[in-house]
Amino acid sequence: MQSDSVRCNSEIPQMDSSFFDLFGPSPTSSGSSSDTDLRNGNDDDSNERIDTIIYSSNDLELKGIDFNRGFLPPEPQLGNIEYKLKLINPSKQRFEHLVTQMKWRLREGNGEAIYEIGVSDSGHLHGLNDEDMTVSLHTLNQMARKLDASTSILRRKSLADQRSVVEVLVRKIPDDQHNIEVRVAVLGGADAGKSTLLGVLTQGEFDNGRGLARLNMFRHMHEIQTGRTSCISHETLGFDAEGSVINYKYNEMMTAEEISDRSTKLVTFMDLAGHRRYLKTTVQALSGYCPHHALIVIAAGNISNMTREHLAIIHALDISFSIIVTKIDLAPPEPILFELKNLLTSIGYRKVPYLISNQDDVLNANAHQNVEQIVPIFCVSNVTGAGLDLLIQYLYVLSPGISNAEKERLEQQPIEFQIDEIFRVSEVGTVAGGLLCKGVLTENSQVKVGPLQDGSFFSVTVQTIHRNKAPCRVVRAGQSASLSFSTIEPMPALRSGMVILPDYESNDVACGCYFFQAQVSVLFHATRIFKGFQTTVHIGSIRQTAIIEGIMGAGDTGIGTNQSASVLFRFVRHPEYVRPGMRILFREGTSKGIGKVTQVFPLKKTLNTTTG
């Protein structure tokens, strides 16, 4: 994809062909193992075993996704990918069936579906001649128009006998939305180039090599002075129906509201802090805002300990991710890519590294990322623009990863808005930013906010709603927003970790708790965890110190790495709203664990039991 807004050079600096063999979708298996060792610069048995595992892993998991081969994986029954051998003059009944099928695929892809024309259900690339392909594409366009959807050709593959296969993106913006939104978290160690990368993408201007592009990302003076992000910064990148970039360079007077209005697809970036001092803010954003995807930014040179920490947290939270290697104009990317290969294929991750070198790689990786455990790797330069257009194309086709059916299920439930940030705005008052996890929230809704120190909630009215820096009247499940309130009585101070619930919820439901029980698994601990262990707990937007009051069935032995148990936690500072089924992440230093809440003990019931 080429865009007038960001003109980028997709050519990655020349690398040895054997280097692509290790990361590409179809590594060559010819040659002895000693040849492999020579190419990698390794001569010990452990590296030979790793290379063998990678080759077999790639052969088993990736051999079917290459569009340039003679076949694709069999057509998936679920998901948003549909194979069609041909679409030539269907009957009226057949046409209505095809439209219904397209509607279902669009629902599965949350408004986006990919059609492979000229491909049988088994995945074999038969291809069509030019005349049949033209008629089939015309039929596909008619099907899309029936649903008020748009189509755009992603790629065309020529076969023998003047036949071809075409991949088409069908996109339909849901009736209750202005565009399709994907939330992307951007992580990485300090000085990796996260803010610079987002500055280049959203401003449409390359960096000057001295940090010019990142200045627009900073929100505080100390960030400008130190060059380090310390809080969550939100930026947007839009795409129109043809895939052209819509950012602040689209025209001279472009605003965030206009970017949202003009875009059929909107990518919302969360620029997160990379310094260890702000790790708690980064983890809270990942847990509270529930991004659809994460970009791990690594500067060409070495993988920092902070980057490894971020990778571990992303993996623990089960968020799909890609890796961006920046500053390739200053250092060759080969050493860090070999290091990434060994890290991602290790027992802890078991992922398949997939180096993106052309547009086909972008589409292959996006279509099969979740199923095949693929981690796309991009090599870019914010100064020269190398590789940036491949990253932009990837963001254009990136799917939210949640089906429309699941989205509708969440929207039908009572509202639950997690407060992550608090602002004070002149002439408006208190503004709460966060994520709506369930339900549909509108202006002038009567809601409850809490819990307070005694576990209770207080009633307020939602006065205004803003999304992507623009006012709106409604926010739906899975969308982030900022809310302002009106209330008759003075409003108590809000804090991060509070929630907004329907005003009709009973006091038993809308009540905070100090104690809760969770089934947890310890990812890593140097020794063992016993009763009395103090740790930082993350549950949604909640971030608070908690003490383990009991470990069921552990006795005096406690629990260690890779062990599970049911654990009773107690919040130290104030009660929080927790419900069974919520995901928990706890950490203390290098110790980490994950789990799921199984039981809560509301404060009012606890007090009644104590007094009784």
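All of these numbers come straight from a predicted model, not from anything done at the bench.

Q: Any chance you could explain the overall build of the protein here in plain terms?
A: Helices and strands together make up the secondary structure of the protein, namely 15 helices and 27 strands. The buried share among the 612 residues of the protein stands at 56%. Across the protein, contacts joining residues at least 24 apart in sequence account for 71% of those joining residues at least 6 apart. Of the roughly 26400 Å² of accessible surface on the protein, a fraction of 49% belongs to carbon and sulfur atoms.

Q: Help me out: how do you make sense of unusual backbone geometry in this one?
A: Trans is the common state for peptide bonds, and a negative phi is the common state for residues other than glycine. Residues Gly-450 and Pro-451 are joined by a peptide bond in cis, for which omega reads 5 degrees. You can see Pro-451 is positioned in the loop between strand S16 (446–450) and strand S17 (458–467). The backbone of Asn-89 sits at a positive phi, close to 45 degrees, despite the residue not being glycine. With respect to the helices, strands and loops of the structure, Asn-89 is situated in the loop between strand S1 (81–84) and helix H4 (92–108). In the Ramachandran plot, Cys-290 falls in the positive-phi region, its phi being about 45 degrees despite a non-glycine side chain.

Q: What exactly am I supposed to notice about the packing of aromatic side chains here?
A: Centre distance and the angle of the planes are the two values used to describe a pair of aromatic rings. All chains considered together, the criterion is met by six aromatic pairs. Considering the side-chain rings of Phe-378 and Tyr-394, the 5.1 Å spacing of their centres and the 55 degrees angle between planes classify their relative orientation as tilted. Of this pair, Phe-378 sits in strand S12 (residues 374–379) while Tyr-394 sits in helix H13 (residues 388–397), and the two are 16 residues apart along the sequence. You can call Phe-378 buried: its relative accessible area is 1%. Its relative accessible area of 0% is what places Tyr-394 among the buried residues. Between the aromatic rings of Phe-457 and Tyr-577, the centroid separation amounts to 6.2 Å while the plane-to-plane angle is 85 degrees, which identifies the pairing as edge-to-face. Of the two residues, Phe-457 sits in the loop between S16 and S17 while Tyr-577 sits in the loop between strand S25 (564–571) and strand S26 (583–588), which places them 120 residues apart along the sequence. Assigned by exposure class, Phe-457 and Tyr-577 land together as buried. In this structure an aromatic cluster arises from ring pairing among Phe-516, Phe-569, Phe-571 and Phe-586.

Q: So what exactly am I meant to see when it comes to the packing of H4 against helix H5 (residues 130–146) here?
A: The contact between H4 and H5 brings their axes to 9 Å, and the two run at 65 degrees. One element, H4, and the other, H5, form an angle in the roughly perpendicular class. Handedness of the H4/H5 crossing: right-handed. Residue-level contacts link Phe-95, Glu-96, Leu-98, Val-99 and Met-102 of H4 to Thr-139, Leu-140, Gln-142, Met-143, Ala-144 and Lys-146 of H5.

Q: Just to check I follow, could you spell out helix H10 (residues 305–316) for this structure?
A: Along an α-helix, a turn takes 3.6 residues, which lines up residues three or four apart on a common side. The terminal C-alpha atoms of H10, which comprises 12 residues, lie 17 Å apart, in line with the 16 Å expected from a rise of 1.5 Å per residue. Those residues of H10 not exposed but buried are Met-306, Thr-307, Glu-309, His-310, Leu-311, Ile-313, Ile-314 and Ala-316. The positive-phi residue at the C-terminal boundary of H10 is Asp-318, with phi of around 60 degrees.

Q: Explain the sheet that holds strand S11 (residues 352–355) to me, please; I cannot follow it from the model alone.
A: Within a sheet, each strand pairs with its neighbour through backbone hydrogen bonds, oriented either parallel or antiparallel. Judged by pairing direction, the sheet is mixed, and its eight strands sit side by side in the order S7-S6-S8-S5-S9-S10-S12-S11 without closing on themselves. Only two strands of the sheet have a single partner each, and these edge strands are strand S7 (245–246) and S11. Along the sheet, H10 makes contact with strand S5 (180–187), strand S9 (293–299) and strand S10 (321–326), crossing S9 at roughly 165 degrees. Sheet strands in contact with H13 are strand S6 (233–239), S7, strand S8 (265–271), S9, S10 and S12, and its direction is about 115 degrees off that of S8.

Q: Teacher, can you tell me more about the pattern of salt bridges here?
A: Once the charged atoms of two side chains with opposite charge are near each other, the side chains can pair. As enumerated under the stated definition, the model contains 16 salt bridges in all. Glu-82 is the salt-bridge partner of Lys-84, the closest N and O atoms lying 3.3 Å from each other. Pair check on accessibility: Lys-84 and Glu-82 agree, each one buried. With its nearest N and O atoms 2.4 Å apart, the salt bridge here joins Glu-112 to Arg-171. Here Glu-112 is found in strand S2 (residues 112–117), whereas its partner Arg-171 is found in strand S4 (residues 164–171), with 59 residues between them in sequence. Of the two residues, Glu-112 and Arg-171, neither departs from the other in class, the shared state being buried.

Q: Looking at this structure, I do not really get the pairing of S16. What am I missing?
A: Regular strands show a simple pattern: their side chains alternate between the two faces of the sheet. Among the five residues in S16, four count as buried, and that is most of the element. Bridge count for S16 against S17 is four bridges, and the pairing is antiparallel. Each bridged residue has a counterpart across the sheet, and for Gln-446 the counterpart in S17 is Thr-461. Examined bridge by bridge, S16 and strand S21 (residues 499–502) share four bridges and lie antiparallel to one another. Note on S21: the bridge partner recorded for Val-447 is Pro-502.

Q: Is there a simple way to explain the environment of Phe-515 in this structure?
A: With respect to the element layout, Phe-515 can be found in strand S22 (residues 513–524). As a C-alpha pair, Phe-515 and Ile-548 span 33 residues in sequence and 9.7 Å in three-dimensional space.

Q: Could you clarify how one ought to interpret helix H9 (residues 279–289) in this entry?
A: Within H9, 10 of the 11 residues are buried, leaving the element largely enclosed by the surrounding structure. Among all positions in H9, only Leu-279, Thr-281, Thr-282, Val-283, Gln-284, Ala-285, Leu-286, Ser-287, Gly-288 and Tyr-289 are buried. Phi for Cys-290, located one or two positions after H9, is positive at around 45 degrees.

Q: Is there a simple way to explain the sheet that holds strand S27 (residues 591–602) in this structure?
A: Spatially, the six strands close up into a barrel ordered S22-S25-S24-S23-S26-S27, and their pairing is antiparallel. In this sheet, neighbouring strand axes are inclined to one another by 45 degrees on average, regardless of whether the strands run parallel or antiparallel. Where strand S24 (residues 542–552) and S25 come together, six bridges link them in antiparallel fashion. Bridge pairing in S25 places Ala-546 opposite Phe-571. Of the strands in this sheet, strand S23 (534–539), S24 and S26 are in contact with H9, which crosses S23 at around 35 degrees. Helix-sheet contacts for H10 involve S22, S26 and S27, and the interaxial angle to S27 is about 40 degrees.

Q: Hey, could you run me through the packing of H9 against H10 in this one?
A: Angle between the axes and distance between the axes are the two parameters that describe a pair of packed helices. H10 packs onto H9 with a crossing angle of 25 degrees between their chain directions and a minimal axis gap of 11 Å. The angle between H9 and H10 places the two elements in the roughly parallel class. The two elements H9 and H10 cross, and the hand of that crossing is right-handed. On the side of H9, the interface is formed by Leu-279, Thr-282, Val-283 and Leu-286, while H10 contributes Met-306, Glu-309, His-310, Ile-313 and Ile-314. Looking at side-chain class alone, the contact of H9 with H10 contains six nonpolar, two polar and one charged residues.

What counts, and at which threshold
Residues numbered from 1 in each chain as written. Predicted model: local features only at pLDDT ≥ 70, side-chain atom pairs only at ≥ 80, totals over all residues. Heavy atoms only, no water. Helix = DSSP H or I, 4+ residues; strand = E, 2+ residues; numbered from the N terminus. Buried < 20%, exposed > 50% of the residue type's maximum accessible area, 1.4 Å probe, protein only. Contact = heavy atoms within 4.5 Å. Areas by Shrake-Rupley, 256 points an atom, 1.4 Å probe, with all protein chains shown as cover. Phe/Tyr/Trp six-rings, centres within 6.5 Å; stacked < 30°, edge-to-face > 60°. Axes fitted to C-alpha atoms, helices over the stretch in contact; angles between N-to-C directions. Parallel < 35°, antiparallel > 145°, perpendicular 65-115°, else oblique. Left-handed = near helix turned anticlockwise from the far one by under 90°. Expected span 1.5 Å × (residues − 1). Pairing = 2+ DSSP bridges. Salt bridge = Lys/Arg side-chain N within 4 Å of Asp/Glu carboxyl O. Nonpolar A, V, L, I, M, F, W, Y, C, P; charged D, E, K, R; others polar.

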